[in-house]
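Read off the chains here:
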Amino acid sequence: MTTLAGRLEGRVPRVLLTLGSGLGELADEVANPLVLQFTDIDLPAPTVPGHAGRLVVGDLHGVCVAVQQGRLHLYEGVPVADVAACVRAVAEAGAETFIVTNAAGGLAEDMEPGDTMVLADHLNLTGHSPLIRAGAHPQFVDMTEAYDGQLRRVALEAAGRLGVPAREGIYAGVVGPAYETPAETRLLRAVGADAVGMSTVTEVVAARALGLRVAGFSLITNVHRRGGTPTSHAEVLTAAEAGGPRLARLLREVLPHV
Ligand code: HPA
């Protein structure tokens, strides 16, 4: 086992791009890819059988990136440090920007499955922080502009050019893995959330603590309508596969601007 920095063969990833469901095709576009399994670089592997846990490092649309395929979630029962381990490793290897994507449930009335939400802010409702580490000095990290304003503008302009339906919004990060009850959905709306998902927020806290600029994108896979909408994992995965290519087009436009 060895750390990421020792395995990069001279590459210095400028960007960590973490792919949520439906976005796998972007990893296939990396030129001269160096494929590293998490377990080869001392990173914890996803516990879900059949889920990839790997980094693909190389050039993507002119930028040296580390593409993260497969991530760990708090609902797998792993420590929050494991959820954020990849962010930490790629930051230590030299990355300055974190582009994070996820599948999320829409809460805003006017959302449709397949829409893209550019994260303007988040609510960390997981009850966890990767900055709480036994024996480490507490890090009191500023989070007032967790999602970089310039990257948000670039993303919205690119969406306009491409005709990709996108809006800014607030992502609520929850532990899951149960989907929301109607009462929870009402609560999330009442506190200002536009979408809800089971990832991203603890990774972003870690990234900000490490000084990375962050851009975040949700692919809306299902929408919680008033009165409650049954949601299934299969529906979320199908919608992610269907909507992924559109968000991938947007990410290709954003990457050269980081
Ligand atoms: N809730 C939480 N996480 C999700 C959802 C949802 O509705 N859709 C995709 N991830």
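(A) Spotlight on the overall build of the chain. Across its full length, the chain holds seven helices and nine strands. Computed over the C-alpha atoms, the radius of gyration of the chain is 17 Å, within 12% of the 18 Å expected from 2.2 N^0.38 for a compact globule of 258 residues. The buried share of the chain, reckoned over its 258 residues, is 52%. Contacts spanning at least 24 positions in sequence make up 82% of the contacts within the chain whose residues lie at least 6 apart. Roughly 11000 Å² of accessible area belongs to the chain as shown, and the carbon and sulfur atoms make up 53% of that amount.

(B) Summary view of the packing of helix 4 (residues 149-162) against helix 7 (residues 233-254). Close contact between helix 4 and helix 7 brings their axes to 9 Å; oriented N to C, the two are set at 125°. Between helix 4 and helix 7, the interaxial angle falls into the category oblique. Classified by chirality, the crossing of helix 7 by helix 4 is right-handed. Contacts between helix 4 and helix 7 involve Val 154, Ala 155, Ala 158, Ala 159, Arg 161 and Leu 162 from the first element and Arg 249, Leu 250, Glu 253 and Val 254 from the second.

(C) Inspection of the site of the ligand at higher detail. In the neighbourhood of the ligand, the contacting residues comprise Ala 103, Ala 104, Gly 105, Tyr 179, Glu 180, Val 196, Gly 197, Met 198, Thr 221, Asn 222, His 224 and Val 236. His 224 has a polar side-chain atom sitting 2.7 Å from an oxygen atom of the ligand. Burial of the ligand by the protein amounts to 95% of the accessible area it has alone, namely 260 Å². Every element with two or more residues in the shell around the ligand is listed here: strand 5 (97-106), strand 8 (195-197) and strand 9 (213-223). Of the residues contributing to the shell around the ligand, the split by class is six nonpolar, five polar and one charged.

(D) How the structure looks around unusual backbone geometry. The peptide bond linking Gly 176 to Pro 177 adopts the cis configuration, its omega dihedral lying at -5°. With respect to the secondary-structure elements, Pro 177 resides in the loop between strand 7 (166-173) and helix 5 (182-190). Of note in the backbone geometry, Asn 32 takes a positive phi value of approximately 45° without being a glycine. In this structure, Asn 32 sits in strand 2 (residues 31-37). Accessibility expressed as a relative area gives 59% for Asn 32, which makes it exposed.

(E) Representation of helix 7 within the structure. Gly 243 marks the point of greatest bend in helix 7, at about 40°, and the proline Pro 245 comes within the next four residues. Regarding helix 7, the residues found buried are Val 236, Ala 239, Ala 240, Gly 243, Gly 244, Leu 247, Ala 248, Leu 250, Leu 251 and Val 254. The inward-facing, buried residues of helix 7 contact strand 1 (15-19), helix 1 (25-28), strand 5, strand 6 (116-124), helix 4 and strand 9.

(F) Summary view of the nonpolar core. Ranked by size, the top nonpolar core spans 44 residues in total, and within it Leu 4, Leu 16, Leu 55, Val 90 and Phe 98 carry the most contacts. Counting only elements with at least two residues in this core, the list comes to strand 2, strand 3 (54-60), helix 2 (80-83), helix 3 (85-92), strand 5, strand 6, helix 6 (201-209) and strand 9. Among all residues touching Leu 55, those that are not within four sequence positions of it are Leu 4, Leu 16, Leu 34, Val 35, Leu 36, Phe 38, Ile 41, Ala 66, Val 67, Gln 68, Cys 86 and Val 90. If you look at the next biggest cluster of nonpolar residues, it comprises 31 residues, including Leu 17, Ala 27, Ala 158 and Ala 159.

(G) Inspection of the pairing of strand 4 (residues 63-69) at higher detail. Within strand 4, seven of the seven residues are buried, leaving the element largely enclosed by the surrounding structure. Of the two faces of strand 4, the one carrying Val 63, Val 65, Val 67 and Gln 69 and the one carrying Cys 64, Ala 66 and Gln 68 are both buried. Here strand 1 runs beside strand 4; their pairing, made up of five bridges, is parallel. The partner of Leu 19 across the bridge, within strand 4, is Gln 69.

Calculation rules
- Starting afresh in each chain, residues are numbered from 1 along the sequence in its written order.
- Thresholds applied to this predicted model are a pLDDT of at least 70 for local features of residues and 80 or more for the giving and counting of side-chain atom pairs; totals over whole chains, interfaces and linings are not thresholded and use all residues.
- Excluded from the side-chain calculations are hydrogens and water; all other atoms, namely the structure's heavy atoms, are used.
- The numbering of helices and of strands both runs from the N terminus, where a helix is a DSSP run of H or I of at least 4 residues and a strand a run of E of at least 2.
- Radius of gyration: over C-alpha atoms. The globule rule applied is 2.2 Å multiplied by the number of residues raised to the 0.38 power.
- Only protein chains enter the calculation, and the probe is 1.4 Å; a residue is then buried if its accessible area is under 20% of its type maximum, exposed if over 50%, and partly exposed in between.
- Any pair of residues with heavy atoms lying within 4.5 Å of one another is described as a contacting pair.
- Computed with the Shrake-Rupley method and a 1.4 Å probe, the accessible areas treat only the protein chains shown as cover for residues.
- Here an angle of 0 to 180 degrees is reported between the N-to-C directions of two axes, which are lines fitted to C-alpha atoms, with helices fitted over the stretch in contact.
- Angle categories are assigned with fixed cut-offs, so that under 35 degrees is roughly parallel, over 145 is roughly antiparallel, 65 to 115 is roughly perpendicular, and the rest are oblique.
- Note: crossing handedness is left-handed where the near helix turns anticlockwise from the far helix by less than a right angle, and right-handed where it turns clockwise.
- What makes a residue near a molecule or strand is one non-hydrogen atom of that residue sitting within 4 Å of it.
- Whenever a nitrogen or oxygen atom comes within 3.5 Å of another N or O atom, the pair is scored as a polar contact, on the condition that within protein one atom can donate a hydrogen and the other can accept it, and that pairs from neighbouring residues in sequence are kept only if both atoms are in side chains.
- Amino acids are sorted into nonpolar (Ala, Val, Leu, Ile, Met, Phe, Trp, Tyr, Cys and Pro), charged (Asp, Glu, Lys and Arg) and polar (every other residue, Gly among them).
- A residue's bend is simply the angle between two axes: one fitted to the seven residues ending at it, one to the seven starting at it.
- In plain words, nonpolar cores are sets of buried Ala, Val, Leu, Ile, Met, Phe, Trp, Tyr and Cys residues tied together by side-chain atoms within 4.5 Å.
- DSSP bridges decide pairing: two strands pair if at least two such bridges lie between them.

Remember, this is a structural readout, not a statement about activity or role.
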